[in-house]
Amino acid sequence: QQVEDGITNLAVGTVINRSLSRSAQSTWSLYHFGQDGYLPVQSAGNNAPYASDSITSSDRSEMFITVGSTSPLGTASNFSSPARPTIYAPSDLNLSVRREGETGFSGTSGSTPLVSSSLVNLQSMLDNKLNVTMAKELLTKSGSPTLQSLFSQNEAGELNHYKLLRIGKRLRERCTSEGGD
């Protein structure tokens, strides 16, 4: 990241976390960030059972990562968008940050930074060579099963940071030993 004339220039491969705002304008900008080589990560929404306006059903979602919320039981939170996200992460209302008199930070907005931080760690291991397609595949392959994913081929798993970084470590070692990028 560089700052020139008051403008921040982000390096290609930078992870962009968007826990809030799921408007048509935000899906458009996330789509273009993904096309330009960044890793946009967006909360899937807490609009269950009304998924018609869900970000996961957007035609543009192929170029960004969507994150759902899981409950302490390892199931999708009852409010988490029922349309299939890329990955789930734990941040149910029971696992949220709340102070008396303040708005809580929970649900998919609370789970998205967990996925973003895991991708930042992975990007640092892989020298910023990860793109959206590769990130989605690695998140999917490394995800732990949820109750829903045990019964459905189309259901995302839950973020497994340890397994994701173990895969990243193997990828880095393989690229280093082969002398490639």
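Note that the structure is predicted; figures quoted are calculated from it, not measured. (Residues numbered from 1 in each chain as written. Predicted model: local features only at pLDDT ≥ 70, side-chain atom pairs only at ≥ 80, totals over all residues. Heavy atoms only, no water.)

Caption draft 1: Seen up close, the environment of L114. Mapped onto the secondary structure, L114 falls in helix α2 (residues 107-125). Overall, the relative accessible area of 34% leaves L114 in the partly exposed class. In sequence terms L114 and Y88 are 26 residues apart; their C-alpha atoms lie 9.8 Å from each other. (Helix = DSSP H or I, 4+ residues; strand = E, 2+ residues; numbered from the N terminus. Buried < 20%, exposed > 50% of the residue type's maximum accessible area, 1.4 Å probe, protein only.)

Caption draft 2: Region of the structure containing the confidence of the model for the chain. Averaged over every residue, the pLDDT of the chain is 80; residues scoring 70 or more account for 75%. Looking over the chain, one finds the lowest element-wise mean pLDDT in strand β1 (residues 2-4), namely 57, and the highest in helix α3 (residues 132-142), namely 94. (pLDDT = per-residue confidence, 0-100.)

Caption draft 3: Inspection of the nonpolar core at higher detail. Residues I65, V115, L119, L122, L130 and L139 are the most contacted members of the largest nonpolar core, which totals 21 residues. Counting only elements with at least two residues in this core, the list comes to β4 (39-43), β5 (65-70), β6 (87-90), α2, α3 and α5 (161-178). Contacts of I65, omitting those with residues within four sequence positions, involve P40, V41, Q42, T86, V115, L119, A135, K136 and L139. (Core = buried A, V, L, I, M, F, W, Y, C linked by side-chain atoms within 4.5 Å. Contact = heavy atoms within 4.5 Å.)

Caption draft 4: Expanded view of the packing of α3 against α5. It is at 9 Å that the axes of α3 and α5 come closest, and there the two elements cross at 125°. On the basis of their axis angle, the class for α3 and α5 is oblique. Pair α3 / α5 crosses with right-handed handedness. Along its contact with α3, which presents L138, L139, K141 and S142, the element α5 presents K163, L164, I167 and L171. Taken together, the residues that form the contact of α3 with α5 break down as 5 nonpolar, 1 polar and 2 charged. (Axes fitted to C-alpha atoms, helices over the stretch in contact; angles between N-to-C directions. Parallel < 35°, antiparallel > 145°, perpendicular 65-115°, else oblique. Left-handed = near helix turned anticlockwise from the far one by under 90°. Nonpolar A, V, L, I, M, F, W, Y, C, P; charged D, E, K, R; others polar.)

Caption draft 5: Highlighting the sheet that holds β6. Taken in spatial order, the 4 strands make up an open sheet running β3-β4-β5-β6, and their pairing is parallel. Two strands bound the open sheet, and with one partner strand each, they are β3 (15-18) and β6. Adjacent strand axes in the sheet meet at a mean angle of 30° when their direction is disregarded. Two elements, β3 and β4, share 4 bridges in a ladder whose sense is parallel. Directly across from I16, in β4, lies its bridge partner P40. α2 contacts β3, β4, β5 and β6 of the sheet and is inclined by roughly 125° relative to β5. (Pairing = 2+ DSSP bridges.)

Caption draft 6: Highlighting the packing of α2 against α5. The interhelical angle for the contact between α2 and α5, taken along N-to-C directions, is 15°, at an axis separation of 9 Å. The pairing of α2 with α5 is recorded here as roughly parallel in orientation. Handedness of the crossing formed by α2 with α5: right-handed. Here S118, N121, L122 and M125 of α2 lie close against α5, whose contacting residues are H161, L164, L165, G168, K169 and R172. A breakdown of the residues in the contact of α2 with α5 according to their chemical character gives 4 nonpolar, 4 polar and 2 charged.

Caption draft 7: Expanded view of the pairing of β5. The buried count for β5 comes to 6 of 6 residues, which makes it a mostly enclosed element. The side-chain alternation of β5 yields two buried faces, one formed by I65, V67 and S69 and the other by T66, G68 and T70. Bridge count between β4 and β5: 3 bridges; the pairing is parallel. Considered in β5, the bridge of V41 is made with I65.

Caption draft 8: Spatial organisation of α3. Looking only at α3, the buried set comprises V132, A135, K136, L138, L139 and S142. The arc enclosing the buried residues of α3, seen along the axis, measures out at 165°, which places them on a common side. Turned more than 90 degrees away from the buried face of α3, the exposed residues are T133 and K141. For α3, the N-terminal cap is N131; the gap from its side-chain oxygen to the backbone nitrogen of T133 is 3.1 Å. (Arc of directions from axis to C-beta. Polar contact = N/O pair within 3.5 Å; in protein donor to acceptor, adjacent residues only side chain to side chain.)

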